Every structure is written in C-alpha cells, then in structure tokens.
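The residues making up each chain are set out below.
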Amino acid sequence: MKRNTVGFLLSLSALSIAVFVFRDIYLFSKVSIRPDWAQFLPTWLGVSDFIGLLCLAPAALMPERLKSVAAALAKCVFLAPLPVLIVYSNDHAHSGLWMNLLFNYGWVGLHCLIPAVMLFVVRGIVDGSRALAKRASSR
C-alpha cells in the first residue's frame, strides 16, 4: 500500500473516532464541555484543534508531494464528520432535522479544517526549505 493511502486511512480513522468519542466538543451546542486534560493545553490551542493536529498528522507527513498532502487532508476533513452525524441522525430527538444535520456537518468540518490548514502550511514551509537547501547545495 502506498504511503499516501496509509497516511490518509490512518488520519481518517483516527479523526472519525476522535469526533465520535468527543462529539460534545465537535457538535454544535450552547454549552461546551471540556475534558479534564484540556487544562494542560496552551490557551491559544483549543481542544478540537489539538485533537485535529494529532489525528491529521499522518495525512500531512506521510505523502511525498505537497499536492498529495492537500488531497489527503481535504478528504479527511470532508469524510470524518460522517460517522458521528449518522449516529446523531439516528437519535430519536434529532431525526428529520436535515438542516440541523447540514449545519453540524459544516460545524464539525470547520473544527477539522483549522488544524488541516495549520498542518498544510507547516508541511509547505518544510518542503520549501528542503527545496531551497537542495538548490543551494547543488551550486
């Protein structure tokens, strides 16, 4: 199996499980329940950002090209909310509320998009600096 596929599958499964386990953080709610371990995070880093960075790291670090990183991260962000929304829609209180499901899909996707962009920028900087160093050493 290719490194691109392995990184994508690892990130997708990890992020889907994380969104499912920590659905109180990801799904829209008027009250945000933070886990006890969140007190150890820096104030600028949210719980969903931290979880997203950890889960999306394989998709950002394993592919060889930056184009493959963008594709893997985008697919993870678009597909990861689906399992928790399927369970959420089967809840009797939320059945039939399609606009609520669409809003929560966008809400979860937004929480996953921020760490994906952060990882993509970091990977772009690393790849760019490697290319510059390679050019400088070849002269």
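By convention here, each chain's residues receive numbers from 1 onward along its written sequence. Per-residue local features are limited, in this predicted model, to residues with pLDDT of at least 70; the limit for side-chain atom pairs, both in listing and counting, is 80 or more; totals at the level of whole chains, interfaces and linings are taken over all residues. To get the side-chain values, all heavy atoms of the structure are used, and hydrogens and water are removed first.

### Thoughts on the packing of helix α5 (residues 81-90) against helix α6 (residues 98-138)
At a minimum axis distance of 10 Å, the contact between α5 and α6 shows a crossing angle of 150°. With respect to α6, the element α5 is oriented roughly antiparallel. The chirality of how α5 crosses α6 is right-handed. Across the interface between the two elements, Pro-81, Leu-82, Leu-85, Tyr-88 and Ser-89 from α5 touch Asn-100, Leu-101, Asn-104, Tyr-105, Val-108 and Gly-109 from α6. Angles run from 0 to 180 degrees between N-to-C directions of axes, and those axes are lines fitted to C-alpha atoms, restricted for helices to the stretch in contact. Elements are defined by DSSP. Helices are runs of H or I of four residues or more, strands are runs of E of two residues or more, and each kind is numbered from the N terminus. For classification purposes, angles smaller than 35 degrees are called roughly parallel, those larger than 145 roughly antiparallel, those between 65 and 115 roughly perpendicular, and all remaining angles oblique. Note on convention: near helix rotated counterclockwise from far helix by under a right angle means a left-handed crossing. Clockwise means right-handed. Here, two residues are considered to be in contact whenever any of their heavy atoms come within 4.5 Å of each other.

### So, the side chain of Asp-49
One can find Asp-49 in helix α3 (residues 47-61). Among residues more than four places away in sequence, those in contact with Asp-49 are His-111, Ile-114 and Pro-115.

### Notes on the packing of aromatic side chains
Two rings belonging to Phe, Tyr or Trp (six-membered ring only in the last case) form a pair when the distance between their centres is within 6.5 Å. Interplanar angles under 30 degrees mark stacking, angles over 60 mark edge-to-face geometry, and anything in between is tilted. All told, the structure shown has three aromatic pairs when counted by the stated rule. Ring geometry for Trp-37 versus Phe-50: centroids 6.0 Å apart, planes at 50°, classification tilted. With Trp-37 in the loop between α2 (23-26) and α3 and Phe-50 in helix α3, the pair connects residues that are 13 residues apart, well separated along the chain. Judged by relative accessible area, Phe-50 falls into the partly exposed class, the value being 27%. Between Phe-103 and Trp-107, the ring centres sit 5.9 Å apart and the planes meet at 25°, which makes this aromatic pair stacked. Taken together, the residues Phe-103 and Trp-107, both in helix α6 and four residues apart, mark about one turn of the helix. The buried label goes to any residue with under 20% of its type's maximum accessible area, the exposed label to any with over 50%, and the partly exposed label to all in between, with areas taken from a 1.4 Å probe on protein chains only. Overall, Trp-107 belongs to the partly exposed group, its relative accessible area being 28%. Taken together, the ring pairs connect Phe-22, Trp-37 and Phe-50 into an aromatic cluster. Positioned over the ring face of Phe-8 is Lys-75, at 4.9 Å from the centre of the ring. To sit over a ring, a charge needs its Lys NZ or Arg CZ within 6 Å of the ring centre and within 35 degrees of the ring normal.

### Describing the nonpolar core
What makes a nonpolar core is a set of buried Ala, Val, Leu, Ile, Met, Phe, Trp, Tyr and Cys residues whose side-chain atoms join them at distances within 4.5 Å. With 31 residues, the main nonpolar core has Leu-15, Val-19, Tyr-26, Leu-56, Leu-73 and Cys-112 as its most contacted residues. For this core, the secondary structure elements donating two or more residues are α1 (3-21), α2, α3, α4 (66-79), α5 and α6. No other element matches α3, which puts six residues into this core. With sequence-adjacent residues up to four places away left out, Leu-73 is seen in contact with Leu-56, Ala-59, Ala-60, Ala-116 and Phe-120.

### Things to note about the packing of α3 against α6
Close contact between α3 and α6 brings their axes to 8 Å; oriented N to C, the two are set at 45°. Relative to α6, the element α3 lies oblique. Where α3 crosses over α6, the two elements pack in a sense that is right-handed. Taken together, the residues of α6 that come into contact with α3 (itself represented by Ser-48, Asp-49, Gly-52, Leu-53, Leu-56, Ala-57, Ala-60 and Leu-61) are His-111, Cys-112, Ile-114, Pro-115, Ala-116, Met-118, Leu-119 and Arg-123.

These results come straight from atomic positions and should not be treated as a statement about function.
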